[in-house]
Amino acid sequence: AQKITQTQPGMFVQEKEAVTLDCTYDTSDPSYGLFWYKQPSSGEMIFLIYQGSYDQQNATEGRYSLNFQKARKSANLVISASQLGDSAMYFCAMREFLQAGTALIFGKGTTLSVSS
Amino acid sequence: SQTIHQWPATLVQPVGSPLSLECTVEGTSNPNLYWYRQAAGRGLQLLFYSVGIGQISSEVPQNLSASRPQDRQFILSSKKLLLSDSGFYLCAWVKGAGLNTEAFFGQGTRLTVV
């Protein structure tokens, strides 16, 4: 079963508008961590924001905020005041306990296109 | 500060040829190391991870193998490449196993098998 689901293959937004990228996850562990990464066309993976399962408040990092709804198992990324440089692929990920350690398990990603 | 190096950046190899991709981490000790593969326009698939020297865990049966000969070195190999091995390979490291520890990625290797 898919652990991380990103249902939006592509999203389009105009500069200065806000955009929400959806992410739902599946886990039975009470403790987990959720991450968002940005991947520009160069291929590098850039860490954006983290939310812990026990965090009482939604995480924020500059223009990025995470709309964490634990009961719905969703962790949507909100980008405020979009910029042209935000055009990239965005991945939601969850840290999962494996047989011999932990690893980030990624969704399939959402391609965000920002236009002027 | 910690850095992660991955090479080569691009690689074109014929079907049936061997493969060796290397990843090294500087500025930290005993990192958890990972190899991911990303098919064109797709998400990242975890291939291998390692919590220490000589300790390799495989997540997906592959035509690939991994080794960790030194604490900060992680190698991805294949004896005979297949067309389906084409993709973008990313090495990553994490300090510790805490749930809030982010992963740091190398610059990636674009492998094209022809």
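Residues numbered from 1 in each chain as written. Chains lettered and ligands numbered in written order. Predicted model: local features only at pLDDT ≥ 70, side-chain atom pairs only at ≥ 80, totals over all residues. Heavy atoms only, no water.

Caption draft 1: A look at the nonpolar core. All names here are of chain A. Within the largest apolar cluster, 24 residues are counted, with the highest numbers of intra-cluster contacts made by Tyr25, Trp36, Ile49, Leu77 and Tyr90. Every element with two or more residues in this core is listed here: β3 (19-21), β5 (33-39), β6 (46-52), β8 (64-69), β9 (74-79), β10 (88-98) and β12 (110-115). No other element matches β10, which puts four residues into this core. (Core = buried A, V, L, I, M, F, W, Y, C linked by side-chain atoms within 4.5 Å. Buried < 20%, exposed > 50% of the residue type's maximum accessible area, 1.4 Å probe, protein only. Helix = DSSP H or I, 4+ residues; strand = E, 2+ residues; numbered from the N terminus.)

Caption draft 2: Spatial organisation of the pattern of salt bridges. If you walk through the whole model with that rule in mind, you get five salt bridges over all chains. One salt bridge in this structure joins Arg63(A) and Asp86(A), with 2.8 Å as the shortest N-O distance. Placement of the pair is Arg63(A) in the loop between β7 (60-61) and β8 and Asp86(A) in the loop between β9 and β10, with a sequence separation of 23 residues. Arg63(A) gets classed as partly exposed once you look at its relative accessible area, which sits at 23%. A salt bridge links Asp71(B) to Arg68(B); the nearest nitrogen and oxygen atoms lie 3.3 Å apart. The exposure class assigned to Arg68(B) is buried, which follows from its relative accessible area of 3%. (Salt bridge = Lys/Arg side-chain N within 4 Å of Asp/Glu carboxyl O.)

Caption draft 3: How the structure looks around the state of the cysteines. Counted according to the given criterion, the structure contains two disulfides over all chains. Linked covalently through their sulfurs, Cys23(A) and Cys92(A) form a disulfide whose S-S length is 2.0 Å. Between Cys23(A) and Cys92(A), the S-S torsion sits near -65°, and that sign places the bridge as left-handed. Here Cys92(A) lies in strand β10 and Cys23(A) lies in the loop between β3 and β4 (24-25), a separation of 69 residues in the sequence. Accessibility classification places Cys23(A) together with Cys92(A) in one group, the buried group. Disulfide pairing is shown between Cys23(B) and Cys91(B); the S-S distance is 2.0 Å. Every disulfide takes its handedness from the sign of the S-S torsion; for Cys23(B) and Cys91(B) that torsion is -75°, giving left-handed. In this pair, Cys23(B) sits in strand β3 (residues 19-26) while Cys91(B) sits in strand β9 (residues 87-94), placing the two residues 68 residues apart along the sequence. Look at Cys91(B) and you get buried, because its relative accessible area is 0%. (Disulfide = S-S within 2.5 Å.)

Caption draft 4: A look at the interface of chain B and chain A. Taken together, the 25 residues of chain B in the interface contact 28 residues of chain A. Buried area between chain B and chain A, summed over both chains or domains, comes out near 2,000 Å², and the portion from carbon and sulfur atoms is 57%. Scanning the region where chain B abuts chain A turns up five residue pairs in polar contact (both at pLDDT 80 or more). Mapped onto the side of chain B that touches chain A, the elements with two or more residues apiece are β4 (32-38), β5 (44-52) and β9 of chain B. The leading source of residues in the side of chain B that touches chain A is β5(B), at four residues. (Contact = heavy atoms within 4.5 Å. Buried area = accessible area lost by both parts, 1.4 Å probe. Polar contact = N/O pair within 3.5 Å; in protein donor to acceptor, adjacent residues only side chain to side chain.)

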